[in-house]
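# Survey of secondary and tertiary structure
Here is how the chains run, residue by residue.
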Amino acid sequence: MQAFTTLTSRFVPLPIENIDTDQIIPARFLKATTREGFGKNLFRDWRYDSNGNPKDNFILNNPEYSGKILVTGKNFGGGSSREHAAWSILDYGFTVVVSSFFADIFKNNALNNGVVPVQVTDEFLKKIFALDKEATLTIDLEKQKIRIDATGEEETFDINHYKKTCLLNGYDDIDYLLSLKEEIAQFEKEHTV
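Below or above, wherever it landed, is the structure these notes cover. Quick caveat, the model's predicted, so the values are computed rather than measured.

In this section: the overall build of the protein chain. Looking only at helices and strands, the protein chain features eight helices and seven strands. Its C-alpha atoms give the protein chain principal-axis dimensions of about 70 × 45 × 25 Å. Of all intrachain contacts in the protein chain linking residues separated by at least 6 positions in sequence, the fraction that spans at least 24 positions is 64%. Of the accessible surface of the protein chain, which amounts to about 10500 Å², a share of 48% is contributed by carbon and sulfur atoms. If the 22 positive side-chain charges of the protein chain are averaged to one point and the 29 negative ones to another, these points end up 3 Å apart.

So, in structure tokens, the structure goes:
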């Protein structure tokens, strides 16, 4: 995984509530077991018509909006557990998803795959949605803060301490264990009977 510390970026607003994992990445695209290539089918049924043509009215098809941050309505990532949802978000180019509520299973899958889920209050989310398309947000993982750069308004967000350590260092679970190799060896040395 890529290490994540701080990100300042424009964002793509998707003010839809109750987005489930089948809307994020439809089940018919879950045939691959590697993480690559899922971004092209992110929100597939919303982005493309039945002939595969981009829908002009969907935000991801609007070149005026870009950035590494996806801002969504409340209750993002419910439904079935599929790691592919996090894979598709990351493969598309988003490294942060901001919402006022995440389904636990999506939040865990995101954290395990290098996507930072930033949960904010409903009021702060409304302020973000009211910004223009040139506005930027800054996510500071070390301080656990999100800032609206134009106004300086900030909010803190919670994150699992272990997953924060992994994200800051670019570790997956195995990398984390390997980073403790010397400490583990020292413990074994001290506790050998």
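Time to look at the packing of aromatic side chains. Inspection of the entire model under this criterion finds ten aromatic pairs. Measuring from centroid to centroid gives 5.6 Å for F38 and W87, while their planes differ by 55 degrees, and the two rings are tilted. Taken as a pair, F38 in the loop between α1 (21-24) and α2 (44-47) and W87 in helix α3 (residues 83-92) lie far apart in primary sequence, 49 residues in all. Per residue, the accessibility class of F38 equals that of W87, and both read buried. Taken together, the ring pairs connect F43, W46 and F58 into an aromatic cluster. Its end group placed over the ring of Y48, R44 keeps NZ or CZ at 4.5 Å from the ring centre.

Turning to the nonpolar core, a few remarks are in order. Counting residues in hydrophobic clusters, the biggest one holds 24 residues, and the most contacted among them are I69, V96, V98, V118, I128 and I146. Elements represented by at least two residues in this core include exactly β1 (6-14), β2 (69-72), β3 (96-99), β4 (116-119), α5 (122-129), β5 (136-140), β6 (145-148) and α6 (161-169). Of all the elements, α5 adds the most residues to this core, at three residues. In contact with V96, not counting residues within four places along its chain, are F4, L7, K68, I69, L70, V116, V118 and I139. If you look at the next biggest cluster of nonpolar residues, it comprises 22 residues, including I25, F76, F102 and V115.

Counting buried positions along β5 yields four of five residues, so the element is predominantly enclosed. Direction of pairing for β1 relative to β5: antiparallel, over a ladder of five bridges. For T8, the partnering residue across the bridge sits in β5 and is T138. Connecting the antiparallel pair β5 and β6 is a turn made up of four residues, with Q144 showing a positive phi of about 55 degrees.

Reading the values: the criteria
- Residues numbered from 1 in each chain as written.
- Predicted model: local features only at pLDDT ≥ 70, side-chain atom pairs only at ≥ 80, totals over all residues.
- Heavy atoms only, no water.
- Helix = DSSP H or I, 4+ residues; strand = E, 2+ residues; numbered from the N terminus.
- Contact = heavy atoms within 4.5 Å.
- Areas by Shrake-Rupley, 256 points an atom, 1.4 Å probe, with all protein chains shown as cover.
- Lys, Arg positive; Asp, Glu negative; His and termini not counted.
- Charge placed at Lys NZ, Arg CZ, Asp CG, Glu CD.
- Phe/Tyr/Trp six-rings, centres within 6.5 Å; stacked < 30°, edge-to-face > 60°.
- Buried < 20%, exposed > 50% of the residue type's maximum accessible area, 1.4 Å probe, protein only.
- Lys NZ or Arg CZ within 6 Å of the ring centre and 35° of its normal.
- Core = buried A, V, L, I, M, F, W, Y, C linked by side-chain atoms within 4.5 Å.
- Pairing = 2+ DSSP bridges.

Geometry only, nothing functional implied.
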